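Below, each chain spelled out in residue letters.
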Amino acid sequence: MLEIFSISDIGGRASQQDVIAALHDVAGIACGLVLCDGAGGLADGDKAAQLTCDACHAAIAQHSLQGLSSDPLRILGDAIAVSQRHVQSLDSDYCASTVTMALIAPPYAFIAWVGDSPVWLYSDRCLIRISSSHGLPQEQWRAYQISGQELGNHEQSNVITRAINKGSGIWSPDMRAITVKSGDQLILASDGLDAVLTDEEIEKVLNTRRENTSSGEIVQTLIDAALARNTSDNVSVGVIRVLDPTSHAPEIPATPAVWGAIYDHLHSQQESDYVA
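Residues numbered from 1 in each chain as written. Predicted model: local features only at pLDDT ≥ 70, side-chain atom pairs only at ≥ 80, totals over all residues. Heavy atoms only, no water.

With that settled, consider the packing of helix H1 (residues 45–60) against helix H3 (residues 72–88). The geometry of a pair of packed helices is captured by two quantities: the angle between their axes and the separation between those axes. For the pair H1 and H3, the least separation of the axes is 8 Å and the interaxial angle reads 140°. The angle between H1 and H3 places the two elements in the oblique class. With respect to the hand of their crossing, H1 and H3 are arranged in right-handed fashion. Of H3, the residues touching H1 (which contributes Ala48, Leu51, Thr52, Ala55, Cys56, Ala59 and Ile60) are Ile75, Leu76, Ala79, Ile80, Val82, Ser83, His86 and Val87. (Axes fitted to C-alpha atoms, helices over the stretch in contact; angles between N-to-C directions. Helix = DSSP H or I, 4+ residues; strand = E, 2+ residues; numbered from the N terminus. Parallel < 35°, antiparallel > 145°, perpendicular 65-115°, else oblique. Left-handed = near helix turned anticlockwise from the far one by under 90°. Contact = heavy atoms within 4.5 Å.)

Structural data, given as structure tokens:
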């Protein structure tokens, strides 16, 4: 059984470009979250985010929990590919969005993302970042093109190298599979949160809460912390808490993907930059 809660706040922007929604299987069983952050520098970023979210939600809802667990990373990748095709059908050349999805079929969690919306695992009072940003500065840092100091003061900190968009081909998401246990929480957020709070600060905020704090209280606490730092972006946060790692748990094949393999899929050689 899962406890899922999310909030989107307009933050420091004039309009809301974030969309976040719970994912359900064909029987209506809650199984995860999808978060989309429209590119703020593009006129129709909000449309791209909503369309991406709707397409991913509909794609997951076609499967049973057992079906989702049979090949979860492929299903996540297919859902994101479908969303890309939907966005490409928009009557606009000025639309792009990030997408981050998390499915949980305890004792496993499966994460896929395109863009810079982060995912963390909060377990035993420790916060662990699961995703790696497709932000331009982070990509350059991982490629040893810039230093850590330059990473923190990059002039193009809001530029991403991958997005669900109309202009390029179908991006393959990065994916990960991890194990989870009762009490663990997956936290999804738009970059309006980690633009103003470091991972260490987020962990400190989480650790100030009592152990039985609800997912709703945790989400509101993180939103409030971002707003207190005067985030200039929309800020969205979603939490998935594992309440019972055996409830609705299907039999999952022991494939390398299930046992925590990291899938960094090859993507198109064509690169476009988007302001998120």
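Now for the sheet that holds strand S12 (residues 235–242). Reading across from one edge, S1-S12-S11-S6-S7 is the order of the five strands in this open sheet, with antiparallel pairing throughout. Two strands lie at the open edges of the sheet, namely strand S1 (2–9) and strand S7 (126–129), each paired on one side alone. Across the sheet, the mean angle separating the axes of adjacent strands is 20° when strand polarity is ignored. Across the sheet, helix H8 (residues 215–228) touches S1, strand S11 (185–189) and S12, and the angle it forms with S12 is around 155°. (Pairing = 2+ DSSP bridges.)

Our next topic: the environment of Val119. Tracing the backbone through its elements, the reader meets Val119 in strand S6 (residues 119–123). On the basis of relative accessibility, which here comes to 0%, the residue Val119 falls in the buried class. In this structure the C-alpha to C-alpha distance between Val119 and Ala102, which are 17 residues apart in sequence, comes to 8.6 Å. If we skip the residues at most four places from it in the chain, Val119 touches Thr100, Ile111, Ile128, Arg129, Ile130, Ser131, Leu186, Ile187 and Leu188. (Buried < 20%, exposed > 50% of the residue type's maximum accessible area, 1.4 Å probe, protein only.)

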